[in-house]
Amino acid sequence: MTRGLRSLIWLAVLGAATLPVVIAAFSPYLAYRNPAYIVAGFAGILSLSLFLLQPLLAAGYLPGLRLPLARKLHRIIGAALLACLALHIGGLYLTSPPDTLDALLLVSPTPFSVYGVLATLGLIATILLVALRRRVRYGHWRLLHNALALFVVIATLIHALQIEGTMGPVSKWLLCGAVLIATATTLINERLLKPLRRN
Amino acid sequence: MHTPYLNRRLFVTATAATLATGLVSPLHAASLRPTKTMRGGSNNYRPNAPFVDKLGDGFIVSGRVVRAGDGAPLPKTRIQIWAATTIGGEREPRNHGSVLTRADGTYRLEMMQIVPNFGQPHAHLAYDDPAFKTVFLRPVMPSARDTSLTVDFVLAPA
């Protein structure tokens, strides 16, 4: 891989991950919100960006990054996603307890809440699976982790796309598209094409 | 919007139909069903919001309050309104106010621009007094850029 192409890939990935956050930082709505609500919103946006990096790091697709380091970053970002989830729900609860409880109890009038709860459950299940890493056979563990990751990503995308908030609509759609492509490409390549090629 | 409350267009249609028949027949009267409370309608409700002339500038919440069945306008009926606006969220006291309906059952409150809150631009309205059954509404604005919202109430006797 040429140095130019390598730089281009990094630029595209980091640009796709950071630009939506920067655009949201200029949203006029921020001026109307309390700090807890702002933190909750950005924890959600940041999670969306981190979901773009996760599959690329897990599969070692980012050029110049050795797999052990990429995997280490994947684990750190996994922990960061859990922290973001806590900030997201915690910040929303401080902003409006009844709206947040409605969402968690699945009686919210907003159609996207249920997808947020599904993503939350999927992420918690992922954390439990990570804790059981040594007790589950690696072949099974990998598939379970992949299935949960796909579930969490799709639920998150549906959740994010229906929300009218601080994110710019165009950058949100582009980031969601990038996350879906990165996740799907990694899963198809690692779990379908590579095993087929080996046989 | 698939909301169960009556909007102005429906009201105009119903009124026109009534006028066209020349009398208020029981058939038409029966069609005026009470407005149902919406999910999440009472969230961040602060009972007995103070009566105000206005809460701010630029956004108009208005509508008409009538009695279920015969559709008679209900004057001097208290409607409580709150929403997340440019001066703060739904729990901000300055975003809560009450108004009384006029002789023709209409009410109107000017407030600050409503902004999306918890993912949707919406307002909260309540009828919460003894004479009729309590109704909490949470209408969603078709666009966050809208500068007005019309919300009608059809109240059933308590």
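Just so we're clear, the structure is a prediction, and the values are computed from it rather than from any experiment. (Residues numbered from 1 in each chain as written. Chains lettered and ligands numbered in written order. Predicted model: local features only at pLDDT ≥ 70, side-chain atom pairs only at ≥ 80, totals over all residues. Heavy atoms only, no water.)

Caption draft 1: Focus on the packing of helix 2 (residues 35-59) of chain A against helix 7 (residues 169-198) of chain A. Residues and elements named next belong to chain A. For the pair helix 2 and helix 7, the least separation of the axes is 9 Å and the interaxial angle reads 20°. Judged by the angle between their axes, helix 2 and helix 7 are roughly parallel. For the pair helix 2 and helix 7, the sense of crossing is left-handed. Together, L48, S49, F51, L52, P55, L56 and A59 of helix 2 and L175, C176, A178, V179, A182, T183, T186 and E190 of helix 7 make up the contact between the two elements. Residues of the contact of helix 2 with helix 7, tallied by class, amount to 11 nonpolar, 3 polar and 1 charged. (Axes fitted to C-alpha atoms, helices over the stretch in contact; angles between N-to-C directions. Helix = DSSP H or I, 4+ residues; strand = E, 2+ residues; numbered from the N terminus. Parallel < 35°, antiparallel > 145°, perpendicular 65-115°, else oblique. Left-handed = near helix turned anticlockwise from the far one by under 90°. Contact = heavy atoms within 4.5 Å. Nonpolar A, V, L, I, M, F, W, Y, C, P; charged D, E, K, R; others polar.)

Caption draft 2: Spatial organisation of the nonpolar core. Residues L48, L57 and V179 of chain A are the most contacted members of the largest nonpolar core, which totals 28 residues. When residues of this core are traced back to their parent elements, those giving at least two are helix 1 (3-25), helix 2, helix 3 (67-95), helix 6 (138-162) and helix 7 of chain A. It is helix 2 of chain A that contributes the most residues to this core, 8 residues altogether. Excluding anything up to four places from it in sequence, V179 of chain A contacts L48, F51, L52, V153 and L157 of chain A. Counting 25 residues, the second-largest nonpolar core is a separate cluster that includes F59, V61, I81 and A83 of chain B. (Core = buried A, V, L, I, M, F, W, Y, C linked by side-chain atoms within 4.5 Å. Buried < 20%, exposed > 50% of the residue type's maximum accessible area, 1.4 Å probe, protein only.)

Caption draft 3: Molecular detail of the side chain of T85 of chain B. Secondary-structure assignment places T85 of chain B in the loop between strand 2 (78-83) and strand 3 (96-100). If near-sequence neighbours (up to four positions away) are discounted, T85 of chain B is found in contact with Y32 of chain A together with N95, M111, M112, Q113, I114 and V115 of chain B.

Caption draft 4: Here's a closer look at the pattern of salt bridges. Applying the stated criterion across every chain, the model contains 6 salt bridges over all chains. With its nearest N and O atoms 3.1 Å apart, the salt bridge here joins E190 of chain A to K194 of chain A. On the criterion of helical spacing, the pair formed by E190 of chain A and K194 of chain A is a turn pair, its members being 4 residues apart in helix 7. Between E110 of chain B and K54 of chain B there is a salt bridge, with the nearest N and O atoms lying 3.8 Å from each other. Of the two residues, E110 of chain B sits in strand 4 (residues 106-111) while K54 of chain B sits in the loop between helix 2 (26-30) and strand 1 (59-67), which places them 56 residues apart along the sequence. Look at K54 of chain B and you get partly exposed, because its relative accessible area is 42%. It is possible to trace a salt-bridge network through shared partners that takes in K54, D57 and E110 of chain B. (Salt bridge = Lys/Arg side-chain N within 4 Å of Asp/Glu carboxyl O.)

These results come straight from atomic positions and should not be treated as a statement about function.
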